[in-house]
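# Residue-level structure breakdown
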Amino acid sequence: NEELLRKAEKLSVIGELAAGIAHEIRNPLTSLKGFIQLLYPTLQDNKLYADIMLSELERINLIVSELLILSKPQNLQIKPISLVVLMQNLLALLASEANLKNIRFQTSFGKCPPIAGEENQLKQVFINIIKNSIEAIASQGQGEIRISTRLLPNRHVLVRLADNGCGVPEELLSKLGEPFFTTKEKGTGLGLMISNKIIKDHNGTFQITSKKNQGTVVKITLPIVDDDIGSS
Ligand code: ADP
Ligand code: MG
């Protein structure tokens, strides 16, 4: 299938640079971490510095891991995917964390034919977005995340994810999706940028709207696999 092939090519080209750099950084990182841990018992009064070095290394590691998501060349596989099944699996995965934080999931899955995509990358997109919602709600108590899917007349599937968390103040809206923009102490500011990129690579659209103290809505559309609805 020509379309599937084209998508696979695009994804691998975009991911190559980021993943290449990430791999190069990961190896020296591992040896730095190893040697700090090796020296640790000899440090006596200086253990505090070593602890800071280790936690900073952990942070670099987190950023590198996020960039690595952009490409996994060895197992990049474009295939028909049911977004409803994918979403149900993710929600099962995130349920216990959400439960602990008094967050409810509410779902409404309409007709949703398969789309062509790279499963790991699409999973990562929805994990990023739902995690943002969990964090936005947890920062101010309890709340809910509503997730729905439906088929649009233009043969795209729309996935809508809405939370009633802290929202984003208007003056910061334009910053969303900029690399490294974060309002969180431990954030990387890469989640939205990467999600947006992955969806664009799938020929989809990505939209986020938000109101401070009211909540945030993310809308993602992805084209359905042509073969699945017959000729046209
Ligand atoms: P990170 O989560 O590491 O901060 P993201 O790219 O995922 O990076 O998000 C960037 C910023 O966008 C967040 O720091 C937050 O300020 C804002 N944001 C994203 N999603 C939401 C949401 N659902 N509710 C409120 N703010 C959000
Ligand atoms: Mg995030």
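Our subject is the structure that appears above.
Keep in mind it's a predicted model, so treat the numbers as computed, not measured.

## What to know about the site of ligand 1
Around ligand 1 lies a shell of 23 residues, among which N132, A136, T182, G187 and G191 are the nearest. Elements supplying a minimum of two residues to the shell around ligand 1: α4 (119–138) and α5 (191–201). With four residues, the single largest contributor to the shell around ligand 1 is α4. Tallied by class, the residues present in the shell around ligand 1 amount to eight nonpolar, 13 polar and two charged.

## Quick word on the sheet that holds strand β5 (residues 156–163)
Either a parallel or an antiparallel arrangement is found when strands of a sheet pair, and the pairing is made through backbone hydrogen bonds. Reading across the sheet, the five strands line up as β2-β4-β5-β7-β6 and stay open at both edges, with mixed pairing between neighbours. Both edges of this open sheet fall to β2 (103–109) and β6 (205–211), since each of them pairs with a single strand only. Going from strand to strand, the sheet's axes swing by 10° on average, the running direction of each strand aside. The pairing of β6 with strand β7 (residues 215–223) spans seven bridges and is antiparallel. Each bridged residue has a counterpart across the sheet, and for S210 the counterpart in β7 is T216. Packed onto the sheet, α4 meets β2, β4 (143–151), β5 and β7 and runs at close to 20° relative to β5. Packing against the sheet, α5 makes contact with β6 and β7, and its axis sits at approximately 145° to β6.

Procedures and definitions
Residues numbered from 1 in each chain as written. Chains lettered and ligands numbered in written order. Predicted model: local features only at pLDDT ≥ 70, side-chain atom pairs only at ≥ 80, totals over all residues. Near = placed C-beta within 6 Å. Helix = DSSP H or I, 4+ residues; strand = E, 2+ residues; numbered from the N terminus. Nonpolar A, V, L, I, M, F, W, Y, C, P; charged D, E, K, R; others polar. Pairing = 2+ DSSP bridges. Axes fitted to C-alpha atoms, helices over the stretch in contact; angles between N-to-C directions. Contact = placed C-beta atoms within 7 Å.

Everything listed here is a matter of coordinates, which is why it stays silent on function.
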